[in-house]
Amino acid sequence: MQIRTIAKKLPRPIKNTLKTAYGAIPSRLRLGRAFWETYHFLQESQWWDAGRLQDCQMRQLERLLAHCYTNVPYYQRVFDERGLKPSDIQSPSDLQKLPYLRKEQIRKEPQAFLARNRRQDRLEHRYTTGTSGQPLQFPVDYDELEREWAFAFHQWSRVGYVPGDARAEVRGTQIPGPKPYEWDPVIRVLRLSPVVKDKETVQFYLDTIRSNHIRFLYGYPSSLTYLASLIERYKVSVNLTLTALLFASETLYPWQRSLAERVFGCRSYNFYGMAEHVVIGGECESSPAFHCMPQYGITEVDPKTGEITGTGFLNHAHPFLRYKTADVATQPIQSGCPGCGRNYFPILADVEGRLQDFVLTPEGVPICSCVLTFPFKQRRTIARVQIVQETFNRVILRSAPVGEADAQYEAELTEAYAGLQHILGEGVTIRKEGISPEEYMGQGKLRFILSHLPREIRCYDGSGES
Ligand SMILES: [Zn+2]
């Protein structure tokens, strides 16, 4: 992977030549050692019994805690202040002896989370997408992303994906250069711009996917369903032989799934994960519930609020122990799946909303995003929505249509507006405003709720703790 780090710094034409040459190497060699080690381990350990998975999880936890205590100043202090040693944690439930970790703590003293035994030139820098606040930046080990991909590919193997299979990606990123696409021969990915302006571009995308024999489409639910809606609107013949759609990074609504599956003529796969790499869980062959993977970390679910907390095993450069994700698991929560036979734990029926995403009514009642999305869930013509809270009694409903705004869009927007007014109450004035496709597609994910209320009020997190 060091070659990849060096290659990043090269001028673009040289990089492209190298990429083409590199792309000719079989995937077995191209994906690094860390990838294959992890991938083979997961393909085998997915069928282990619960006891063996628990043992394996505990060994990884011990290694992580010993590392944190020796090398990471913040955790060293946390242990010392409580008179604890890593050996005092003998089971995942003993983790409760340690405090929760919130983003704010990391922002307060970012240096204290960096492991002292890591060499700067062997780190890569990652950041969160900032859907629940300002993005958080942190380093990861140079091979962590390979391991992360191994987890994603392992889950995708449930719908037939084999490492090295080409895929087309439609995500929130803009494509550099004048063309609306780029082909990366190294990882065999065709990246398509989510900003599609006309029928010709839609046709061109489909032709390019077909001529490259691509069988998997990967992207945000909003981007893939936007493309699907345009295909329907322009009546373009799809004529693809896709194996599966691979969704990532956003809540997937049932209408989005059925629309995309109908238009692209194949099944789809969804999983739950995050940039901080503390929890990962995907669907299986027979159930849409998220099977959290014990090989990846320890997933805790607050019995009162349903909030998911994760301790991730992948990142030793900037470890996250008991990190509060602000995502909420819905009931029921099980251990083990009778459908596929995997003894993964926990298995979450669904994950919705973010605790910190809420609108406060003039009465001081927080209304969370999982409720506020209701008026928008079954809409076919509304591509994107954002709710901006300006003051306690003033809210802006920002929205964008699928393709052009037409009478059906206006009708759905009026209905959704009424639904939102009903939820927020008559004391709140709602103003409508448009979002341009460039804004929501060009700059990554758009936060569903944007609050301009004072920070102290916004940081209510539903747990009752400060
Ligand atoms: Zn299952």
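It should be noted that the structure appears before, not after, this text.
Parameters at a glance
Residues numbered from 1 in each chain as written. Predicted model: local features only at pLDDT ≥ 70, side-chain atom pairs only at ≥ 80, totals over all residues. Heavy atoms only, no water. Helix = DSSP H or I, 4+ residues; strand = E, 2+ residues; numbered from the N terminus. Buried < 20%, exposed > 50% of the residue type's maximum accessible area, 1.4 Å probe, protein only. Contact = heavy atoms within 4.5 Å. Areas by Shrake-Rupley, 256 points an atom, 1.4 Å probe, with all protein chains shown as cover. Pairing = 2+ DSSP bridges. Axes fitted to C-alpha atoms, helices over the stretch in contact; angles between N-to-C directions. Polar contact = N/O pair within 3.5 Å; in protein donor to acceptor, adjacent residues only side chain to side chain. Right-handed = clockwise from strand over helix to strand, strands pointing away. Donors = N, O, S within 2.8 Å, 3.2 Å for Na, K, Ca; no water. Tetrahedral: all angles 85-135°; square planar, octahedral: opposite > 155°, others 65-115°. Core = buried A, V, L, I, M, F, W, Y, C linked by side-chain atoms within 4.5 Å. 1 Å grid on protein atoms, 1.4 Å probe; cavity = no way out; pocket = protein on both sides within 12 Å on 5 of 7 lines; lining within 4 Å. Points joined across faces, edges and corners; volume = space filled by probe spheres on them. Nonpolar A, V, L, I, M, F, W, Y, C, P; charged D, E, K, R; others polar.

J.: Mind showing me how you'd approach the overall build of the protein here?
T.: When you go through the protein residue by residue, the secondary structure sums to 15 helices and 20 strands. Put simply, the protein has 466 residues, and 55% of those count as buried. Restricting to contacts in the protein with at least 6 residues of sequence separation, those with at least 24 account for 64%. With an accessible surface of roughly 21,100 Å², the protein has 53% of that area assigned to carbon and sulfur atoms.

J.: What is the right way to look at the sheet that holds strand β17 (residues 382-391) in this model?
T.: The strands that make up a sheet pair up through hydrogen bonds in the backbone, lying either parallel or antiparallel. Spatially, four strands are ordered β19-β18-β17-β20 in an open sheet, and the strand pairing comes out mixed. The outermost strands of the open sheet, each flanked by one partner alone, are β19 (429-434) and β20 (449-451). In this sheet, adjacent strand axes meet at a mean angle of 20 degrees when their direction is disregarded. Of the strands in this sheet, β17, β18 (394-401) and β19 are in contact with helix α13 (residues 407-424), which crosses β18 at around 155 degrees.

J.: Hey, could you run me through the side chain of Gln295 in this one?
T.: Inspection of the secondary structure puts Gln295 in the loop between β10 (290-292) and β11 (297-301). Overall, the relative accessible area of 2% leaves Gln295 in the buried class. Looking at Gln295, its side chain comes within polar contact range of the side chain of Ser45, at 3.1 Å. Setting aside residues no more than four positions away along its own chain, Gln295 makes contact with Phe41, Leu42, Ser45, Gln46, Leu53, Gln60, Phe151, Phe313 and Tyr344.

J.: Any chance you could explain the pairing of strand β7 (residues 244-247) here in plain terms?
T.: Looking down a regular strand, the side chains alternate between one sheet face and the other. Residue alternation in β7 divides its side chains into two sets, Ala244 and Leu246 and Leu245 and Phe247, and both sets are buried. Sheet topology places strand β6 (residues 216-219) next to β7; four bridges connect them, and they run parallel. Bridge pairing links Gly219 to Phe247 in β7. The β-α-β motif built from β6, the intervening helix α10 (residues 221-234) and the parallel element β7 has right-handed crossover chirality. In this structure, β7 lies alongside strand β8 (residues 267-272), joined through four bridges in parallel fashion. Residue pairing in the sheet places Ala244 in a bridge with Arg267 of β8. Regarding topology, helix α11 (residues 254-264) serves as the crossover connection from β7 to the parallel β8, and that connection is right-handed.

J.: Even after reading the chapter, I still don't get the coordination of the zinc ion, so can you show me in this structure?
T.: Ideal coordination angles are 109.5 degrees for a metal with four donors arranged tetrahedrally and 90 or 180 degrees for a metal with six donors arranged octahedrally. Within the first shell, the zinc ion binds the protein through Cys284 (SG), His291 (NE2), Cys337 (SG) and Cys340 (SG), at distances of 2.1 to 2.3 Å. Relative to the metal, the four donor atoms surrounding the zinc ion lie at angles of 97 to 122 degrees, and the coordination shape comes out tetrahedral. The class of His291 is buried, set by a relative accessible area of 0%. Looking at Cys340, the relative accessible area reads 15%, which means it is buried.

J.: Just checking my understanding: could you explain the nonpolar core for this structure?
T.: Across soluble globular proteins, nonpolar side chains have a tendency to be buried as a group. Of all hydrophobic cores here, the largest spans 38 residues; its most connected members are Leu61, Leu65, Tyr75, Leu98, Leu101 and Phe320. Of all the secondary-structure elements, those providing two or more residues to this core are α5 (50-71), α6 (73-81), β2 (137-141), β10, β13 (323-334) and β14 (347-354). For this core, the element with the most residues is α5, which contributes six residues. If sequence neighbours within four positions are ignored, Phe320 has contacts with Tyr75, Leu101, Ile106, Leu136, Phe138, Glu276, Val278, Gly310, Thr311, Gly312 and Asn315. Counting 34 residues, the second-largest nonpolar core is a separate cluster that includes Leu217, Leu224, Phe247 and Ala383.

J.: How should I be thinking about the environment of Asp143 in this particular structure?
T.: In this structure, Asp143 sits in the loop between β2 and α8 (144-156). For Asp143, a relative accessible area of 16% translates into the label buried. Between the alpha carbons of Asp143 and Glu124 there is a distance of 8.8 Å; along the sequence they are 19 residues apart.

J.: Help me understand empty space enclosed by the protein in this model?
T.: The method is simple in principle: a probe with the dimensions of a water molecule rolls over the atoms, and the space it marks as empty is what remains. Taken as a whole, this structure holds four cavities of 30 Å³ or more when the rule is applied. In this model, the largest cavity occupies a volume close to 50 Å³. In terms of lining, the largest cavity is formed by Ser222, Thr225, Tyr226, Ser229, Trp255, Gln256, Ala383 and Val402. If you list the elements that add at least two residues to the lining of the largest cavity, you get α10 and α11. In terms of residues, the lining of the largest cavity owes the most to one element, α10, which gives four residues. A class-by-class count of the residues in the lining of the largest cavity yields four nonpolar, four polar and no charged.

Honestly, it's all geometry; don't read function into it.
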